Amino acid sequence: MEYHVRRKHGYLYYTAWCLVLLAAFLVQSTGLLRALHGVRPLLLVALVCALSVFNGVTASFLFGLAAGVLTDLTSVAPDGFHAIAMALLGLAISLLVEHLFNQRLITVGLISLGGCLLYELALFLLLELPKGYEGVGAYFWRVSVPAAFYTWLFVLPFYFAARYLSYRSQRERGHRGPGGNWQ
């Protein structure tokens, strides 16, 4: 007897998200977004947070890894830091949504806010704190925390895009929605 598991999403779904990933990377790395008080958002972190809600553990981990590798190309952080951090962020959010929480906007907002704050805290602890200059605590409150909130603002549009594409992809592949039947 042959056992065949039908995939949740097709190749076009993942191809579309890879194109969104590249577009977000280009916008983030070229500085097209305006800096507020000297702080720019990390669009790829917001994208990983939003996408991890609607995909499985493997897809979230791999997408976070790809986003982190792209960020490492233009970053001054140690090689592989962003790749590891974003892969773990995608994995953690996917596991939290899969086992503890649901995909509602309020829970996704709180989980992604925590993820953005933890990501900026890790950047601060590994990049700024070891420099040992005076006023490093003020830097954390003046730069790192606003950067986390500025990044978090972009989770909302990515969340709605991810929800739309996920439901659309599942519907085309014949999966039933969360309520049972597609109306």
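So, a few notes on the structure that sits alongside this text.

1. Description of the packing of aromatic side chains
No. 1: Summed over all chains, the structure comprises 7 aromatic pairs.
No. 2: Geometrically, the ring pair formed by phenylalanine 54 and tyrosine 159 is tilted, given 5.5 Å between the ring centres and 40° between the ring planes. Here tyrosine 159 lies in helix H7 (residues 155-172) and phenylalanine 54 lies in helix H2 (residues 43-54), a separation of 105 residues in the sequence. Each member of the pair, phenylalanine 54 as well as tyrosine 159, carries the same accessibility label: buried.

2. Here we look at the packing of helix H1 (residues 11-30) against H2
No. 1: Running from N to C, H1 and H2 point in directions that differ by 155°, and their axes come no closer than 9 Å. By the angle between their axes, H1 is roughly antiparallel relative to H2. Packed against H1, whose contacting residues are Tyr13, Trp17, Val20, Leu21, Ala24, Phe25, Val27 and Gln28, the element H2 presents Leu43, Leu44, Leu47 and Leu51 at the interface.

3. Some details on the packing of helix H4 (residues 81-99) against helix H5 (residues 105-128)
No. 1: H5 packs onto H4 with a crossing angle of 155° between their chain directions and a minimal axis gap of 11 Å. Put simply, H4 runs roughly antiparallel to H5. The element H4 and its partner H5 pack so that their crossing is right-handed. When H4 is examined against H5, the residues Phe81, His82, Ala85, Met86, Leu89, Ile93, Leu96 and Val97 are found in contact with a partner set consisting of Ile111, Gly115, Tyr119, Ala122, Leu123 and Leu126.
No. 2: Of the residues contributing to the contact of H4 with H5, the split by class is 12 nonpolar, 2 polar and no charged.

4. What about a nonpolar patch on the surface?
No. 1: Together, Phe61, Leu62, Leu65, Val69, Ile84 and Leu88 make up a nonpolar patch on the protein surface, roughly 520 Å² of accessible area in all.
No. 2: Elements with a minimum of two residues in the nonpolar patch: helix H3 (57-73) and H4.
No. 3: Considering each element in turn, the nonpolar patch owes the most residues, 4 residues, to H3.
No. 4: Here leucine 65 shows up in helix H3.
No. 5: The class of leucine 65 is partly exposed, set by a relative accessible area of 32%.

5. Some points on the side chain of histidine 82
No. 1: Here histidine 82 shows up in helix H4.
No. 2: The class of histidine 82 is buried, set by a relative accessible area of 4%.
No. 3: Separated by 2.9 Å, the side chains of histidine 82 and serine 75 make a polar contact.
No. 4: The contacts of histidine 82, once residues within four sequence positions are left out, are Gly68, Thr71, Asp72, Ser75, Ala77, Ala87, Tyr119 and Leu123.

6. Describing H4
Given 3.6 residues per turn, any residue in an α-helix points the same way as the ones three and four places further on.
No. 1: Taking 1.5 Å as the rise per residue, H4 with 19 residues should run 27 Å; its terminal C-alpha atoms sit 27 Å apart, in good agreement.
No. 2: Taken residue by residue, H4 has Phe81, His82, Ala83, Ala85, Met86, Ala87, Leu89, Gly90, Ile93, Ser94 and Val97 as its buried positions.
No. 3: Considering only its buried residues, H4 is in contact with H2, H3 and H5.

7. Structural notes on the layout of surface pockets
No. 1: A volume near 580 Å³ is recorded for the largest pocket.
No. 2: Forming the walls of the largest pocket are 23 residues, and the residues nearest its centre are Leu42, His82, Glu120, Leu123 and Leu127.
No. 3: Listed by contribution, the elements that provide at least two residues to the lining of the largest pocket are H1, H5 and helix H6 (136-153).
No. 4: Broken down by element, the lining of the largest pocket gets its largest block of residues, 5 residues, from H5.
No. 5: Residues belonging to the lining of the largest pocket are distributed by class as follows: 11 nonpolar, 8 polar and 4 charged.

8. Comments concerning the nonpolar core
Nonpolar side chains tend to gather and get buried jointly when the protein is soluble and globular.
No. 1: With 37 residues, the main nonpolar core has Leu44, Val45 and Leu47 as its most contacted residues.
No. 2: Contributing elements (two or more residues each) for this core: H1, H2, H3, H4, H5 and H7.
No. 3: Here this core takes 11 residues from H2, the largest share from any one element.
No. 4: Once you skip the residues sitting within four places of it in the chain, valine 45 turns out to touch Met86, Leu89, Cys116, Tyr119 and Thr151.

Criteria and cut-off values
Residues numbered from 1 in each chain as written. Predicted model: local features only at pLDDT ≥ 70, side-chain atom pairs only at ≥ 80, totals over all residues. Heavy atoms only, no water. Phe/Tyr/Trp six-rings, centres within 6.5 Å; stacked < 30°, edge-to-face > 60°. Helix = DSSP H or I, 4+ residues; strand = E, 2+ residues; numbered from the N terminus. Buried < 20%, exposed > 50% of the residue type's maximum accessible area, 1.4 Å probe, protein only. Axes fitted to C-alpha atoms, helices over the stretch in contact; angles between N-to-C directions. Parallel < 35°, antiparallel > 145°, perpendicular 65-115°, else oblique. Contact = heavy atoms within 4.5 Å. Left-handed = near helix turned anticlockwise from the far one by under 90°. Nonpolar A, V, L, I, M, F, W, Y, C, P; charged D, E, K, R; others polar. Patch = residues over 30% accessible without salt bridge, like charges linked within 9 Å, V, L, I, M, F, W, Y side chains within 5 Å. Areas by Shrake-Rupley, 256 points an atom, 1.4 Å probe, with all protein chains shown as cover. Salt bridge = Lys/Arg side-chain N within 4 Å of Asp/Glu carboxyl O. Polar contact = N/O pair within 3.5 Å; in protein donor to acceptor, adjacent residues only side chain to side chain. Expected span 1.5 Å × (residues − 1). 1 Å grid on protein atoms, 1.4 Å probe; cavity = no way out; pocket = protein on both sides within 12 Å on 5 of 7 lines; lining within 4 Å. Points joined across faces, edges and corners; volume = space filled by probe spheres on them. Core = buried A, V, L, I, M, F, W, Y, C linked by side-chain atoms within 4.5 Å.

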